[in-house]
Amino acid sequence: MSGSVVDVASTRLELPVSALEGVGTRPFGIYVHVPFCATRCGYCDFNTYTAGELGTSASPQSWLEALKRELASAAEITGAPKVDTVFVGGGTPSLLGGDGLAAVLGAVQTSFGLADGAEVTTESNPESTSPEFFATLREAGFTRISLGMQSAAEHVLRVLDRTHTPGRAVAAAREARAAGFDHVNLDLIYGTPGETDRDLDASLDAVLSAGVDHVSAYALIVEDGTALARKVRRGELPAPDDDVLASRYERIDARLADAGLHWYEVSNWASGDDARCRHNLGYWDGGDWWGAGPGAHSHIGGVRWWNVKHPARYADRLAAGELPVGGSETLSGEDVHVERVMLTVRLRTGLPLTDLHDGERAAAERVVADGLAVVESGHLVLTDRGRLLADAVVRDILD
């Protein structure tokens, strides 16, 4: 499989020569999707599977062999640029264990190689980690750990169907730091039905006690098709309240800022520039990345594609010598522009006014007049109030 056009069973993935020629001159990342979970969280709509759902159709072993094949093909197609960032997500990557994740990183290194100073992140469930796990990852070459904490309140974790105990996430973060990881993130979810201000404060107290240099905090979204959505629809749980979500966000931002963690994207805070997640910045800044694994999405030079979702079908495609692409699209100039506005307006660095059309600049001036943004060094930067209304700001600019 080589050249700018790749034949697959149900689609053709076209990578224009111009896109391939630019590979390596822009940040290049690898995302690896691990589709396995021990249990399914009630709010999650990600492409994940429990062992009972998969049966004998797929396993971590068959997934890893397929992943190696996809990465080898990706390197052949792209010319194997050195990788600036690797992000192993899921699912629950830590279910692979330290040795399994080391094998994943080894596959990336075999096919591509890592650039000097590459950022290498894995997500982990606190319950499937240990001091030995983190030591193995550090030795393998991982540089960053992201732990799913969500809340320190036991009753909130129950509503979310999270299986870890309230204190385990903080303990895991400390174990990661002790293993030599300078960069550790904790994820929070706020606005869960039944969560109180006191619960949120306890969660923030716990996060800040862990000594992490990065925090991600997301408002609970009730996704269609999830167990949480069914409970809300039946009236067993109330839907998240927008006013409560706004109040909680302001509370989170104030507490984190006081502790020296400052926002660099609407939902992400870091203790300094070197603590920011470079892989995610690659997404937000329009970089190139190859997404490997079932259901993973990729983007190179204005072409986007996504893999088939089921792990068994994914492995079968690759075993047959095909790429596991489920669909693709080539972004128009207007598509690229719209996405750039949508993503960069959420960044602390802001949206360059030179990227806007005349009518959009006029809309940006109205956004500033409404107190939702300010202009700093030629960039439109959201105010505190503007961050609460970021989606509305985007709509105002693009309409």
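Residues numbered from 1 in each chain as written. Predicted model: local features only at pLDDT ≥ 70, side-chain atom pairs only at ≥ 80, totals over all residues. Heavy atoms only, no water.

- The chain is annotated in an unreviewed UniProt entry as Heme chaperone HemW of Rhodococcus parequi.
- Under Subcellular location (unreviewed entry), UniProt gives the following word-for-word description of the chain: "Cytoplasm". (UniProt positions renumbered as here; feature names shortened; annotations may be inferred.)

## Some thoughts on the sheet that holds strand S15 (residues 351-352)
- The three strands lie next to each other as S15-S17-S16, forming an open sheet whose pairing is antiparallel. Taken across any chain shown, the strands that pair with only one partner, and hence form the sheet edges, are S15 and strand S16 (373-376).
- When S15 meets strand S17 (residues 379-382), the two strands line up antiparallel, connected through two bridges. The residue of S17 that forms the bridge with proline 352 is histidine 379.
- Packed on one face of the sheet, helix H14 (residues 358-369) meets S16 and S17 and runs near 115° to S16. (Pairing = 2+ DSSP bridges. Helix = DSSP H or I, 4+ residues; strand = E, 2+ residues; numbered from the N terminus. Contact = heavy atoms within 4.5 Å. Axes fitted to C-alpha atoms, helices over the stretch in contact; angles between N-to-C directions.)

## Some points on the pattern of salt bridges
- Following the criterion strictly, the structure yields 19 salt bridges and no others.
- Linking glutamate 329 and arginine 304 is a salt bridge whose minimum nitrogen-to-oxygen distance equals 3.0 Å. Linking glutamate 329 in strand S14 (residues 325-330) with arginine 304 in strand S13 (residues 303-307), this pair joins segments that are 25 residues apart in sequence.
- A residue is classified by how much of its surface remains accessible, and glutamate 329, at 33% relative accessible area, is partly exposed. (Salt bridge = Lys/Arg side-chain N within 4 Å of Asp/Glu carboxyl O. Buried < 20%, exposed > 50% of the residue type's maximum accessible area, 1.4 Å probe, protein only.)

## Quick word on the environment of valine 325
- Mapped onto the secondary structure, valine 325 falls in strand S14.
- Measuring from C-alpha to C-alpha, the distance between valine 325 and aspartate 182 comes to 36 Å, with 143 residues separating the pair along the chain.

## So, the nonpolar core
- If you look at the biggest cluster of nonpolar residues, it comprises 90 residues, and the most contacted ones within it are Ile30, Trp63, Leu67, Leu186 and Trp290.
- If you tally residues by element for this core, the top one is helix H3 (residues 60-78), at eight residues.
- Here leucine 186 is in contact with Leu147, Met149, Ala169, Ala173, Val207, Ala210, Val212, His214, Val215 and Ser216, once residues within four sequence places are set aside.
- Core analysis: the next-biggest nonpolar cluster, separate from the first, contains 11 residues, Cys41, Tyr43, Ala153 and Leu228 among them. (Core = buried A, V, L, I, M, F, W, Y, C linked by side-chain atoms within 4.5 Å.)

## So, the packing of helix H4 (residues 97-111) against helix H5 (residues 131-140)
- Closest axis-to-axis distance for the H4/H5 pair is 8 Å, and the angle between their directions is 15°. By the angle class used here, H4 and H5 are roughly parallel. When the axes of H4 and H5 are compared, the crossing they make is right-handed. Residue-level inspection shows Gly97, Gly98, Asp99, Leu101, Ala102, Leu105 and Gln109 of H4 in contact with H5, the latter providing Phe133, Thr136, Leu137 and Ala140. (Parallel < 35°, antiparallel > 145°, perpendicular 65-115°, else oblique. Left-handed = near helix turned anticlockwise from the far one by under 90°.)

## Things to note about the packing of H14 against helix H16 (residues 390-398)
- At a minimum axis distance of 7 Å, the contact between H14 and H16 shows a crossing angle of 145°. Residue-level contacts link Glu360, Ala363 and Val367 of H14 to Val393, Asp396, Ile397 and Leu398 of H16.
- Broken down by class, the residue content of the contact of H14 with H16 amounts to five nonpolar, no polar and two charged. (Nonpolar A, V, L, I, M, F, W, Y, C, P; charged D, E, K, R; others polar.)

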